[in-house]
Amino acid sequence: MGGQNESMSDSFAERLLAWFGERKRDLPWRKNKNPYHVWVSEIMLQQTRVETVIPYFERFIARFPTIHDLAEAPEADVLKMWEGLGYYSRARNLQAAVREVQASYGGVVPSDAVQIATLKGVGPYTAGAILSIAYDVPEPAVDGNVLRVMTRYKLLYDDIAKAKTRVRIENILRPLIPLQAPGDFTQALMELGSLVCVPKNPKCDICPVAADCEAKLAGVQSELPVKTKAKQPRAEFRAVAFVQRMIGGERKFLLRRRPEQGLLAGLWECPHIEHDDTQTDIPLLSEHCAAEYGIPMQRSERMPDFEHVFSHIHWHLRVYRFHVDDEFHGNDAKHVGVDGLPEHVRWVSVRELGDYTLPLVFSKIIRQGVSV
DNA sequence: AATACGGGGAG
DNA sequence: CTCCCAGTATT
């Protein structure tokens, strides 16, 4: 026993694994090493907390138990299961990648580093995570936790926001991976970062590797890791139209589908237009709806404002409720699809909301709108 | 090497 | 408020 270059009685990996064996959390994706389950969990966990992912993972696997089920499912169903989780391209990429696995690898997640890295949505971290956790291939998986743990353990002042820092940590890690348990090593490192080597006030008193942690020895564990801070999200001011009317005795509201590319791609939302930070042009919003959807709108009233912050955009939303006369039956010749509307526009009732995937902020706006 | 891409939880 | 989270794709 004993590490190659450790003066401690037990190596870094041995102490880490012993701690992991005692303290690891009981998580849904740890019930087995099903590569598909590991894969789904790793995609969901990108930039997303464990507690947030748990219910999504359970529902997703219940709805799509196998790669085959996910590959065959309508994309709208997949997006619906992702609703509220964010970074929706993850869901689209996952389904595209699963279809690729069906087509090119006979439905078996590849255990080859080069092959798995070509799959959509699978980057350096996820490739290493799937390979090590599902197949016990000794590849490092460097996420935010591992970056923090290792910069502290090795006293590295490298900026963890930079890509080359990840590469450096991967190279430090590779010779440390125990060949008998690469998967546990990967998870133990992340678990340590998540539970012990936390960003603020790290719990060095209960850390299994504190004795030879260079940052701890130098007393600078709170100064690491170094990370350049992100820019402020830019402000955007938007006027939102909550348009409602009665159809067949049922209250409906207007939804439109966002473009296939960009922010919240392919999700449904209330129509809205951008305006400057000082004034909201209600007539312009009304005209927009009239011009785009051929819907003449009558009365309007102000609803409560909403704020929504993305990583890079801060939305200030002013919401107006519009009413469409019961007498109106939109059938403008230039429009096609349901109710004489364009294909990307629908009258939807609360009952039918389950068929549409909406960004959370618009779910809130609609809840507010229909409650009055 | 930067930026786009969601949403939430902790302090 | 700020930070940052089991990151990846695109530019």
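Draft legend 1. Structural view of the overall build of chain A. A tally of helices and strands in chain A yields 14 helices and eight strands. Principal-axis analysis of the C-alpha atoms gives chain A an extent of 85 × 50 × 30 Å. For chain A, the proportion of its 372 residues judged to be buried stands at 48%. Partitioning the contacts of chain A with sequence separation of at least 6, the portion at a separation of at least 24 is 67%. Side-chain charges of chain A comprise 46 positive and 48 negative groups, with the mean position of each set lying 3 Å from the other.

Draft legend 2. Quick look at the protein's contact with DNA strand C. Taken together, 23 residues sit near DNA strand C, with Q47, G121, T126, D143 and R148 positioned nearest. Atoms of DNA strand C within 4 Å of the protein: sugar and phosphate make up 64%, bases the balance. In the environment of DNA strand C, a phosphate oxygen lies 3.3 Å from a nitrogen or oxygen atom belonging to the backbone of Y125. In this structure, T126 approaches DNA strand C through a side-chain N or O atom, which is 2.8 Å from a phosphate oxygen. Of all the secondary-structure elements, those providing two or more residues to the surface near DNA strand C are α8 (124-135) and α9 (144-153). Per-class residue counts for the surface near DNA strand C are eight nonpolar, seven polar and eight charged.

Draft legend 3. Representation of unusual backbone geometry within the structure. Cis geometry marks the peptide bond from L224 to P225; its omega dihedral reads 0°. Turning to its location among the elements, P225 is positioned in the loop between α12 (214-218) and β1 (234-247). With a phi angle near 50°, N201 is a residue other than glycine that sits in the positive phi range. Mapped onto the elements of the fold, N201 is located in the loop between α11 (182-195) and α12. Non-glycine residue L264 carries a positive phi angle of around 50°. By the element assignment, L264 lies in the loop between β2 (250-257) and β3 (268-269).

Draft legend 4. Quick peek at the protein's contact with DNA strand B. Around DNA strand B lies a shell of 20 residues, among which Y88, L264, H308, S311 and L360 are the nearest. Sugar plus phosphate, as a fraction of atoms of DNA strand B within 4 Å of the protein: 57%. Take R49: an N or O atom from its side chain is 3.0 Å from a base nitrogen of DNA strand B. At a separation of 3.4 Å, a phosphate oxygen of DNA strand B approaches a polar backbone atom of L360. Residue composition of the surface near DNA strand B, by class: eight nonpolar, eight polar and four charged.

Draft legend 5. Just the domain arrangement of chain A, in detail. Along its sequence, chain A is carved into domain 1 (12-223) and domain 2 (234-371). Counting residues at the interface gives eight residues for domain 1, matched by 12 residues for domain 2. Between domain 1 and domain 2 the total buried area reaches about 750 Å² when both faces are included, carbon and sulfur atoms providing 49% of it. The largest contributions to the domain 1 side of the interface with domain 2 come from K80, Y88 and R92, which together make up 55% of the buried area. Taken together, domain 1 and domain 2 are joined by one salt bridge. Taking the shortest distance from any N to any O, the salt bridge between E260 and R92 comes out at 3.3 Å. Taken together, the connections running from domain 1 to domain 2 amount to seven residue pairs in polar contact (both at pLDDT 80 or more). Broken down by element, the side of domain 1 that touches domain 2 gets its largest block of residues, three residues, from helix α5 (residues 75-82).

Procedures and definitions
- Residues numbered from 1 in each chain as written.
- Chains lettered and ligands numbered in written order.
- Predicted model: local features only at pLDDT ≥ 70, side-chain atom pairs only at ≥ 80, totals over all residues.
- Heavy atoms only, no water.
- Helix = DSSP H or I, 4+ residues; strand = E, 2+ residues; numbered from the N terminus.
- Buried < 20%, exposed > 50% of the residue type's maximum accessible area, 1.4 Å probe, protein only.
- Contact = heavy atoms within 4.5 Å.
- Lys, Arg positive; Asp, Glu negative; His and termini not counted.
- Charge placed at Lys NZ, Arg CZ, Asp CG, Glu CD.
- Near = heavy atom within 4 Å.
- Polar contact = N/O pair within 3.5 Å; in protein donor to acceptor, adjacent residues only side chain to side chain.
- Nonpolar A, V, L, I, M, F, W, Y, C, P; charged D, E, K, R; others polar.
- Domains from an automatic or database assignment.
- Buried area = accessible area lost by both parts, 1.4 Å probe.
- Salt bridge = Lys/Arg side-chain N within 4 Å of Asp/Glu carboxyl O.

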